[in-house]
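Residues per chain, in single letters:
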Amino acid sequence: MALAACSLLTVAPVSAETISAVSVTGGHLGAGLGVVELTVALHAVFSAPRDKIIWDVSHQSYPHKILTGRRDRIRTLRQEGGLSGFTKRSESVYDPFGTAHSSTSISAALGFAAARDLGGQCEGGLGDAIAVIGDGALSGGMAFEAMNNAGHLKKRLFVILNDNEMSIAEPVGAMSSYLSRLYAGEPFQELKAAAKGAVSLLPEPFREGAKRAKDMLKHMTVGGTLFEELGFSYVGPIDGHDMDQLLAVLRTVKARAHGPVLIHAITRKGKGYAPAERAQDKGHATARFDVVTGKQAKAPSNAPSYTSVFAEALVGLAAKDPKICAVTAAMPDGTGLSRFMERYASRCFDVGIAEQHAVTFSAGLAAGGMRPFCAIYSTFLQRGYDQVVHDVAIQRLPVRFAIDRAGLVGADGATHAGSFDVAFLANLPGFVVMAAADEAELVHMTYTAACHDSGPIAFRYPRGNGTGVPLPEVPVKLEIGKGRLVREGTKVAILSLGTRLGEALKAADQLEAKGLSTTVADLRFVKPLDTALVERLARSCPECGNVDLLPLGHGTQRLERAVPLPALRGRGTGLGARIDQPGCVS
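This write-up is about the structure you can find in this document. (Residues numbered from 1 in each chain as written. Predicted model: local features only at pLDDT ≥ 70, side-chain atom pairs only at ≥ 80, totals over all residues. Heavy atoms only, no water.)

1. Focus: the overall build of the protein
Alright, step 1. Summing up its helical and strand segments, the protein has 22 helices and 16 strands in all.
Alright, step 2. Here the protein holds 586 residues, and 58% of them are scored as buried.
Alright, step 3. Pairs at least 24 residues apart make up 77% of the contacts formed inside the protein by residues separated by at least 6 positions.
Alright, step 4. On the protein, roughly 23,800 Å² of surface is accessible, and the fraction owed to carbon and sulfur atoms is 54%. (Helix = DSSP H or I, 4+ residues; strand = E, 2+ residues; numbered from the N terminus. Buried < 20%, exposed > 50% of the residue type's maximum accessible area, 1.4 Å probe, protein only. Contact = heavy atoms within 4.5 Å. Areas by Shrake-Rupley, 256 points an atom, 1.4 Å probe, with all protein chains shown as cover.)

Dropping the structure here:
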């Protein structure tokens, strides 16, 4: 049965609880507020957990968690040992599929639908499959691959297009323009038997906008949308905040559907909470905040963020080199490239949630004589790995990868941790991989990457603020594959990679206090390793180990292969095999 408590009266308490919980824990606010009515309606009509509701990305799933038995724990969101900020199979039977990256929901829902028709079994049973996907996520190619396959298979499947014209930043591209035209101007789309005339009930803000192109009016017949060409029955657009419309449409399509159906719901991110609605990102991600004012309680810092340091360094280099350009996959603010875009709009490309395209597009720019910086979070670069291999590495094209959020990322947990980039990049031919120890090193590495035209190069840096070291007025080109000695000693050597240098120096102080003269080296390069430096320290110091935060001590493994000396064996640090819990930032 559907959740009996779900009704119009449920909306206000769920919104209030969402706001209250996020004010305590921080997290994703605007997305959840934008789908409260939709969440309530889905649970009122469908029978979860038998019916599988899959939230794309799932940062909007807090209301869903409140309604599915987790309200008493909602203030543990994104805390160690608490609720995940995303859907998670191990957390609840109401989370049938874990999501956190974009554009996966339709594929997963189609898999459930096919399993149902083949007689499959899973916890909670197998009923209808419902994917809820935002307009930003719909720009991801995987969503279209899934829709194309769903139209071919003709399985009974429901896709809810949650169209708020906002993902993290404003969505870009032809699909975004197409969706805008679907509900701009006068209503034109007949809603079939499910919701005929519902468009006319939309509030004025949802119907205002530019007139549809004349050629679209000329050639489009009723129902002839892109989605129907892909084999879906299309219903919409409808008001995603009108419970009467939502319940009527959902009940009707549930009763009548035989194949795949797409329901196009117009929503407003941050709905009902003025500070979120006013914010540029509509309250996408917030720190703890005061509920009355919306003011966030961010700790002051005396150091700039690594992201801003990279952005400023790149803007400065672009002022002197017209060949430098930048590419981001729907994260202009998160990567800092919005600053680059303000200064050099013609050389900055936001390609939407399309990491595969971003990588190959960057490869094309490099082949065309430009110097592209492809700025992508470590966790999202995983989505473009085939392109990194096939289109960049094999062709030795000089794409510069600025890898933000490298290492642990705190409350976002394992799905967003930058755990694997070193492992999957350092084994590729011709790749140079650097790790910045502090913000000054990041400036030097950005410049080094700009100067490197002989093949692909990557530099990784973490989320959060730097250490407060002075920034260089003039960047220095680093010698490829050469580390540096930060402190020299005779008894113990600590080899550091990336921002673990601070901890390495603290450990050296403790060792010095015990009479152990300690060397600390910053390797700088994962590939090529400074094997001469490592070998010299391994031979001159009786005790030699390395400090990293890579999966399964990947840095240690690389050192042992490159310099097979007994002094190095078994003395590295690493993430270990379990990385599925929220943790601190590294």
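From this point on, the discussion continues.
2. Comments concerning the pattern of salt bridges
Alright, step 1. A full pass over the atoms with the stated rule returns 20 salt bridges.
Alright, step 2. Between Arg 75 and Glu 17 there is a salt bridge, and its shortest N-O distance comes to 3.0 Å. Of this pair, Arg 75 sits in the loop between α4 (62-70) and α5 (105-117) while Glu 17 sits in helix α1 (residues 11-25); the two residues are 58 residues apart in sequence, bridging distant segments of the chain.
Alright, step 3. On the basis of relative accessibility, which here comes to 35%, the residue Arg 75 falls in the partly exposed class.
Alright, step 4. Accessibility expressed as a relative area gives 12% for Glu 17, which makes it buried.
Alright, step 5. Among the ionic pairs, Arg 70 bridges to Asp 95, the shortest N-O distance being 2.7 Å. With Arg 70 in helix α4 and Asp 95 in the loop between α4 and α5, this residue pair connects regions lying 25 residues apart in the sequence. We note that Arg 70, like Asp 95, is buried. (Salt bridge = Lys/Arg side-chain N within 4 Å of Asp/Glu carboxyl O.)

3. As for the packing of helix α15 (residues 355-367) against helix α17 (residues 385-393)
To characterise two packed helices, one gives the angle between the axes of the helices and the distance between these axes.
Alright, step 1. Here α15 crosses α17 at 10°, and the two axes come no closer than 9 Å. By the angle between their directions, the pair α15 and α17 is classed as roughly parallel. Where α15 approaches α17, its residues Gln 356, Val 359, Thr 360 and Ala 363 are matched on the opposing element by Gln 387, Val 388, Asp 391 and Val 392.
Alright, step 2. For the contact of α15 with α17, the residue count by class is four nonpolar, three polar and one charged. (Axes fitted to C-alpha atoms, helices over the stretch in contact; angles between N-to-C directions. Parallel < 35°, antiparallel > 145°, perpendicular 65-115°, else oblique. Nonpolar A, V, L, I, M, F, W, Y, C, P; charged D, E, K, R; others polar.)

4. Brief notes about the side chain of His 101
Alright, step 1. One can find His 101 in the loop between α4 and α5.
Alright, step 2. At 2.8 Å, the side chain of His 101 and the side chain of Thr 379 are in polar contact. (Polar contact = N/O pair within 3.5 Å; in protein donor to acceptor, adjacent residues only side chain to side chain.)

5. Some thoughts on the sheet that holds strand β4 (residues 233-239)
Alright, step 1. Spatial strand order, β1-β2-β3-β5-β4: five strands in an open sheet with parallel pairing. In the strand order of this sheet, the two ends are held by β1 (52-55) and β4, each with one partner. In this sheet, neighbouring strand axes are inclined to one another by 20° on average, regardless of whether the strands run parallel or antiparallel.
Alright, step 2. Taken together, the seven bridges between strand β3 (residues 157-163) and strand β5 (residues 260-266) define a ladder with parallel strand orientation. Among the inter-strand pairings, Asp 163 is bridged to a residue of β5, identified as Ile 266.
Alright, step 3. The strands touched by helix α3 (residues 36-45) are β1, β2 (129-134) and β3; relative to β1, the strand with the most contacts, the crossing angle is about 160°.
Alright, step 4. Running at roughly 165° to β4, helix α11 (residues 243-256) makes contact with β3, β4 and β5 of the sheet. (Pairing = 2+ DSSP bridges.)

6. Side note on the nonpolar core
Alright, step 1. Counting 44 residues, the largest nonpolar core has Leu 29, Leu 42, Ile 130, Val 132, Ile 160, Leu 250 and Ile 263 as the members making the most contacts within it.
Alright, step 2. With seven residues, α3 is the largest single contributor of residues to this core.
Alright, step 3. Excluding residues that lie within four positions of it along the chain, Leu 250 makes contacts with Ala 41, Leu 42, Val 45, Phe 46, Ile 160 and Ile 263.
Alright, step 4. If you look at the next biggest cluster of nonpolar residues, it comprises 32 residues, including Ala 329, Val 392, Phe 431 and Val 433. (Core = buried A, V, L, I, M, F, W, Y, C linked by side-chain atoms within 4.5 Å.)

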